[in-house]
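Observations on chain architecture
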Amino acid sequence: PRLHVAHDLFAGANLPLDRAQANYLLNVLRRQPDDPVLLFNGRHGEWRASLVPSGRKSAHLTVVDQARTQTVAPDLHYLFAPLKSARLDYLAQKAVEMGAGTIRPVLTRYTQGERLNTDRLHANMIEAAEQCGILAVPTLMEAARLPAALADLAPERLLVFCDEDAPIADPVAALRAAADPSVPVPLAVLIGPEGGFAPEERAAILARPNAVALSLGPRILRADTAMVAALALVQAVLGD
Ligand code: SAM
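Since the structure is predicted, the reported quantities are computational estimates derived from the model, not experimental observations.

Position of Arg104 relative to the elements: it lies in strand 7 (residues 102-107). A distance of 2.7 Å separates polar atoms of two side chains, one belonging to Arg104 and the other to Asp152.

What follows deals with the layout of surface pockets. Volume-wise, the largest pocket comes out at about 280 Å³. Looking at the largest pocket, it is lined by 19 residues, and the ones nearest its centre are Glu164, Ile220, Leu221, Ala223 and Ala226.

Moving on, we come to the sheet that holds strand 1 (residues 2-4). Ordered by their spatial adjacency, 5 strands build an open sheet running 1-3-4-5-2, and the pairing between neighbours is mixed. Edge positions in the sheet fall to strand 1 and strand 2 (14-16), since each has one partner strand and no second. In this sheet, adjacent strand axes meet at a mean angle of 40° when their direction is disregarded. In this structure, strand 2 lies alongside strand 5 (residues 59-68), joined through 3 bridges in antiparallel fashion. Looking at the pairing, Pro16 lines up with His60 of strand 5.

The terminal C-alpha atoms of helix 3 (residues 118-132), which comprises 15 residues, lie 21 Å apart, in line with the 21 Å expected from a rise of 1.5 Å per residue. Regarding helix 3, the residues found buried are Leu121, Asn124, Met125, Ile126, Ala128 and Ala129. The distance from a side-chain oxygen at the start of helix 3 to the backbone nitrogen of Asp119 is 3.2 Å, and the residue carrying that oxygen is Asn117. Within two residues after helix 3, Gly133 carries a phi angle of roughly 85°, on the positive side.

Cys162, Glu164, Leu216, Arg219 and Leu221 are the nearest of the 17 residues found near the ligand. Take Glu164: an N or O atom from its side chain is 2.5 Å from a nitrogen atom of the ligand. Between the ligand and the protein, one listed contact pairs a nitrogen atom with a backbone N or O atom of Gly217 at 2.9 Å. In the complex, the protein chains occlude 84% of the 570 Å² of accessible area that the ligand would expose alone. With respect to the detected pockets, the ligand is housed in the largest pocket.

So, about the pattern of salt bridges. Taken as a whole, this structure holds 13 salt bridges when the rule is applied. Taking the shortest distance from any N to any O, the salt bridge between Arg157 and Asp75 comes out at 2.6 Å. Of this pair, Arg157 sits in the loop between helix 4 (146-151) and strand 10 (158-162) while Asp75 sits in the loop between strand 5 and strand 6 (76-80), and the two are 82 residues apart along the sequence. Residue class for Asp75 comes out partly exposed when judged on its relative accessible area of 40%. When the shortest N-O distance is used, the salt bridge between Asp224 and Arg87 registers 2.9 Å. In this pair, Asp224 sits in helix 7 (residues 223-238) while Arg87 sits in helix 2 (residues 85-97), placing the two residues 137 residues apart along the sequence.

What counts as what
Residues numbered from 1 in each chain as written. Predicted model: local features only at pLDDT ≥ 70, side-chain atom pairs only at ≥ 80, totals over all residues. Heavy atoms only, no water. Helix = DSSP H or I, 4+ residues; strand = E, 2+ residues; numbered from the N terminus. Polar contact = N/O pair within 3.5 Å; in protein donor to acceptor, adjacent residues only side chain to side chain. 1 Å grid on protein atoms, 1.4 Å probe; cavity = no way out; pocket = protein on both sides within 12 Å on 5 of 7 lines; lining within 4 Å. Points joined across faces, edges and corners; volume = space filled by probe spheres on them. Pairing = 2+ DSSP bridges. Axes fitted to C-alpha atoms, helices over the stretch in contact; angles between N-to-C directions. Expected span 1.5 Å × (residues − 1). Buried < 20%, exposed > 50% of the residue type's maximum accessible area, 1.4 Å probe, protein only. Near = heavy atom within 4 Å. Areas by Shrake-Rupley, 256 points an atom, 1.4 Å probe, with all protein chains shown as cover. Sits in = over half its atoms within 2 Å of the grid points. Salt bridge = Lys/Arg side-chain N within 4 Å of Asp/Glu carboxyl O.

This is the structure we're talking about:
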């Protein structure tokens, strides 16, 4: 298993496990003392650790050696309009699995999500990072209204605006027309709420100089479906 820890990681470090983590390793995964556990903290790469039980539901980890050196998060921003909480968990996890390096909730006129629980969002991102094997935990930016979120994007960052009202065209050709795939370009992918963008919001997005409206086909996708499709497509065509 892979565990994200807050502690510094170095050979010989002894890391306490809370009861839930100890129980998970000892009794759910039934790890034996010499089964390596992989640890990462987002700063020091990934380390192998050995499990040292001290009771039926208590144990600590002793860090042994480094398995992988630290990597940087992909320079891909994912901007999304919050959804209802259960789907938000899904969205946070899939954005991490699909390679977003920065995730930002964007508040729009038709955003339906209740008050954002950022701790819950971040916990889902950590869980996804543990599961999908990445070392750099993506950054969760504070929520912003659409104009501020657009203004915060560096001008050179290409904004891929997933627009169900865009002419249905070949998305690969549209992306290739917007950026030269042979030159790494900082990217942002923007997906709207279940109720879509308001007309003035669409106008503001399309007015941004470095933006491309991307159709994901003739069907109206749920926002979380569109996110997976868009992140997969954008990285396949323009990813570094
Ligand atoms: N306007 C939609 C409707 O009529 O139901 C509501 C928005 S849709 C459920 C949620 C978001 O997913 C949209 O704002 C857009 O960003 C993205 N999306 C959905 N289908 C898409 C498509 N075919 N092409 C591009 N983006 C799409």
